[in-house]
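# Structural overview for review
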Amino acid sequence: MDMKGKTALVTGASRGIGPHIAAALAGRGMNLVLTARSGSELEAVAAEQRKLGVRVLTVVSDLRDADARTLLIGACEREFGGVDVLVNNAGGDPTREFHEMSLEENLAILELNLSAPIALSHLALPAMLSRRGGHIINISSMAGRVSFPFSEAYAAAKDGLIGFTRVLRNDYRARGATASVLILGAIGGAGQGQRAMDAMKLPASPFMAPVSTVAKAILRAIDQDKAEIVVMPGPGRLMRALMDFFPGMGPWMNQQFGVNQTMREVMDFKRPNKLAASKSA
Ligand SMILES: NC(=O)c1ccc[n+]([C@@H]2O[C@H](COP(=O)([O-])OP(=O)(O)OC[C@H]3O[C@@H](n4cnc5c(N)ncnc54)[C@H](OP(=O)(O)O)[C@@H]3O)[C@@H](O)[C@H]2O)c1
């Protein structure tokens, strides 16, 4: 796809990895629709991207709300005539024990990380098909593949997103609307993992891929119409394949390399009273 002058909707664009994705697409001349719940952060990101000469619309919305999703796609259609590239990036995980969260809290994780991307794809796809052009990019995670601690619902959602993307690509690519999934390992320089490490004053980890590699992967997914890209240091695809072939390897590695212990510390640290104390210090 020639991106120049086309429109990208980037969810989760207020902080973390989203602004880097937005910048990469604006760098190719794409107009942007940026969405998240935090209006002032979104405006700051939009102001940066407008300096590149592209048009940017911001829409404040909570993507767990079905009406908000419909309004968002309606705003894209009114302002730009539709969405050419949809990047389902909004997501995240509270890092809490599965059984300590209520069922509703677990299901809310699924709503944000799985139902919202499916719903936005469902809303954006008809116009892509009638134009015979469009690309849906879903941001998934290695969480399920590596049995990442304290992420049951999140891992289920992110694995679900991989299956969803594969079938979407199979069914619609020949009709002009394609789909890709980026499967991220731990990302450094921005995002939820980096924030937790900064708050806990943990040193940089060689197991984290820089956020610039996510931005590059987005462009590669579009330029080369890639089905799946694994973003992590070293041979990411091989690592994912090994984890699938030896499902006991993730829990073993988590134990051997102290991931269980570190994530338990992160979970303890994120408990509301400790986080508040660290912010006021
Ligand atoms: N960082 C990593 O190491 C890593 C690893 C694997 C996968 N990922 C995936 O990469 C994506 C981006 O993660 P990140 O690290 O950049 O996370 P982040 O820094 O926490 O940013 C998450 C973004 O999603 C938005 N968001 C959260 N809840 C929302 C809601 N209910 N409605 C609308 N927007 C909402 C947030 O904005 P508001 O709070 O303003 O709404 C924010 O813009 C996620 O899908 C995540 O699962 C990240």
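Described in the following lines is the structure provided in the data block. (Residues numbered from 1 in each chain as written. Predicted model: local features only at pLDDT ≥ 70, side-chain atom pairs only at ≥ 80, totals over all residues. Heavy atoms only, no water.)

### Overview of the overall build of the protein chain
Filter applied, for reference: Secondary structure follows DSSP: runs of H or I at least 4 residues long count as helices, runs of E at least 2 residues long count as strands, and numbering of each begins at the N terminus. The quantity called the radius of gyration is restricted to C-alpha atoms. Its globule counterpart is 2.2 Å times the number of residues to the power 0.38. Remark: exposure states derive from per-residue accessible area (1.4 Å probe, protein chains only) relative to the maximum for the residue type, with buried under 20%, exposed over 50%, and partly exposed in between. We call two residues in contact whenever any of their non-hydrogen atoms come within 4.5 Å of each other. Surface exposure here means Shrake-Rupley accessible area, sampled with a 1.4 Å probe, where a residue is shielded only by the protein chains that are shown.
A tally of regular secondary structure across the protein chain gives 11 helices and 9 strands. Rg of the C-alpha trace for the protein chain: 18 Å, near the compact-globule value of 19 Å for 281 residues, within the 12% margin. The dimensions of the protein chain, computed from C-alpha atoms along their principal axes, are 50 × 45 × 35 Å. Looking at the protein chain as a whole, 50% of its 281 residues qualify as buried. Across the protein chain, every contact between residues at least 6 apart in sequence was considered, and the portion connecting residues at least 24 apart equals 68%. Accessible surface computed for the protein chain: about 13,400 Å², of which carbon and sulfur atoms make up 58%.

### As for the pairing of strand β1 (residues 7-11)
Put simply, the rule is: Two strands make a pair as long as DSSP finds a minimum of two bridges between them.
The buried fraction of β1 is high, at 5 of 5 residues. Residues Thr 7, Leu 9 and Thr 11 point to one face of β1 and Ala 8 and Val 10 to the other, with burial holding for every one of them. Across 5 bridges, the pairing between β1 and strand β2 (residues 31-36) is parallel. Bridging from a neighbouring strand, Thr 7 pairs with Asn 31 of β2. Looking at chain direction, β1 and strand β4 (residues 85-88) are connected through 3 bridges and run parallel.

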